[in-house]
Amino acid sequence: MSTFQTYYEQFIQFLEVEKNASPYTVQFYSNDLRMFEQIMRKEGIEDVTDVTPVFVRVFLTDLYDRRLSRKSVARTISCLRSFYFFLEKIEVVEHNPFMYVPLPRQDKRIPTFLYEEELRPLFEVSDLTTPLGQRNQALLELMYATGIRVSECAGLTLSQIDFSIGMINVIGKGRKERYIPFGQFAHEALHTYIRDGRDQLLQVSRETIDTIFLNARGQPITERGIRYVFNQMVKETSLTVHLHPHKLRHTFATHLLNEGADLRSVQELLGHENLSSTQIYTHVTKDRLRNVYMHHHPRAKQKPDEQ
């Protein structure tokens, strides 16, 4: 086994066991390291200890020659920086050659969201007399009510929901738990689906399954399946919006902040480790800006006794 392969496997194990990295992070970092190894071999470098600042510049040039996005380049640099931090930790190298490599500046994109009037037809489109209609309604209500990620929703089990206090216990990134409340609409949709539609779907598979959301075959629904459900819901309305699970998460955060929720609370509900991740939602709608201005600026409008 090559030296690189040995350190590669140790690092991946470190990510999975000690850092509790998500499967997506592990997969992306694995791909980045394989690309790094490929370029090392092409440049005649056999060992991780032989990587120099000159090679780092060659490596970065190769990344940009591949026309990768800024986001992908930044992730790759972060991966190699973490890899060499790990090699420092186990005393394989003395210095991290990626320590001072600047990350490319990211374009700040304002997340897209749906207005309340755009959401309303989606809540009215499902046929609540059918198992799948009940499931679709429960999916939409819960994801809008809690802002959970699609992966968190797909993996949600019966034991993670507490109807008595209206809370769900979500297992998020890095296996971190957080508790999120849900309101009456989500409560009713979930209760109906679990007591009725879900039982009917389970009769199809004839299996004992703890996962809440099931597909038409009575098996746990996948993340791709949830995306398909939302696409079909949009098609059944006259809406021209594009709806994906993450847009519901954006909508959840935006609506909370527009109604006066504080940033720290929204951060906790979303499961963001850093407040900077939540700050992208601090944009507000033009309607709210105008409303705040008209109600709070002393000369926004003439008082009745001055007319």
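Above: the structure in question.
These notes cover the structure that comes with them. (Residues numbered from 1 in each chain as written. Predicted model: local features only at pLDDT ≥ 70, side-chain atom pairs only at ≥ 80, totals over all residues. Heavy atoms only, no water.)

## Description of a nonpolar patch on the surface
Put simply, the rule is: Here the term patch refers to residues with relative accessible area over 30% and no salt bridge, with like charges joined within 9 Å and nonpolar side chains (Val, Leu, Ile, Met, Phe, Trp, Tyr) within 5 Å. In short, Shrake-Rupley with a 1.4 Å probe defines the accessible areas, and a residue's cover is counted only from the protein chains shown. Throughout this description, the term salt bridge denotes a Lys or Arg side-chain nitrogen within 4 Å of a carboxyl oxygen of Asp or Glu. Each helix corresponds to a stretch of at least 4 residues labelled H or I by DSSP, and each strand to a stretch of at least 2 residues labelled E; elements are numbered beginning at the N terminus.
Among the surface-exposed residues, Phe85, Met99 and Tyr100 lie close enough to one another that they form a single nonpolar patch of about 360 Å² accessible area. Of note, Phe85 is situated in helix α4 (residues 70–89).

## Observations regarding the packing of aromatic side chains
Our working definition: When two rings of Phe, Tyr or Trp (its six-membered ring) have centres within 6.5 Å they constitute a pair, described as stacked for plane angles under 30 degrees, edge-to-face for angles over 60, and tilted for the intermediate range. Here the term buried applies to any residue with accessible area under 20% of the maximum for its type, exposed to any over 50%, and partly exposed to those in between, with areas from a 1.4 Å probe on protein chains only.
Scanning all chains against the criterion turns up 18 aromatic pairs. Measuring from centroid to centroid gives 5.3 Å for Phe11 and Phe83, while their planes differ by 70°, and the two rings are edge-to-face. Separated by 72 residues along the polypeptide, Phe11 in helix α1 (residues 3–17) and Phe83 in helix α4 bring together distant segments of the chain. The class for Phe83 is buried, based on a relative accessible area of 0%. Here the aromatic rings of Phe36 and Phe55 are separated by 5.8 Å at their centres, their planes lie at 65°, and the arrangement is edge-to-face. Taken as a pair, Phe36 in helix α2 (residues 23–42) and Phe55 in helix α3 (residues 53–65) lie far apart in primary sequence, 19 residues in all.

## Considerations on the sheet that holds strand β2 (residues 167–171)
To be explicit about the condition: In short, DSSP must find at least two bridges between two strands for them to pair.
Ordered by their spatial adjacency, three strands build an open sheet running β1-β2-β3, and the pairing between neighbours is antiparallel. Bordering the open sheet on either side are β1 (161–162) and β3 (177–181), each of which pairs with just one other strand. Here β1 runs beside β2; their pairing, made up of two bridges, is antiparallel. By the bridge assignment for β2, Asp162 is matched with Met167.

## Focus on the pairing of β3
If a strand is regular, its side chains alternate between the two faces of the sheet. Judged by which residues are buried, β3 turns out to be one-sided: Arg178 and Ile180 face inward and are buried, whereas Glu177, Tyr179 and Pro181, on the alternate face, are not. Once β2 ends, the chain turns through five residues before running back antiparallel as β3, passing Gly174 with a positive phi of about 70°.

## Structural notes on the pattern of salt bridges
Scanning the model with the defined rule gives eleven salt bridges in all. When the shortest N-O distance is used, the salt bridge between Arg66 and Asp62 registers 2.6 Å. In this structure Arg66 comes out as partly exposed when scored by relative accessible area, which is 38%. Taking relative accessible area as the criterion, Asp62 reaches 13% and is therefore assigned buried. Through salt bridges with shared partners, a single ionic network connects Arg34, Glu37, Arg41 and Glu46.

All quantities given are derived from atomic positions and should not be read as evidence of function.
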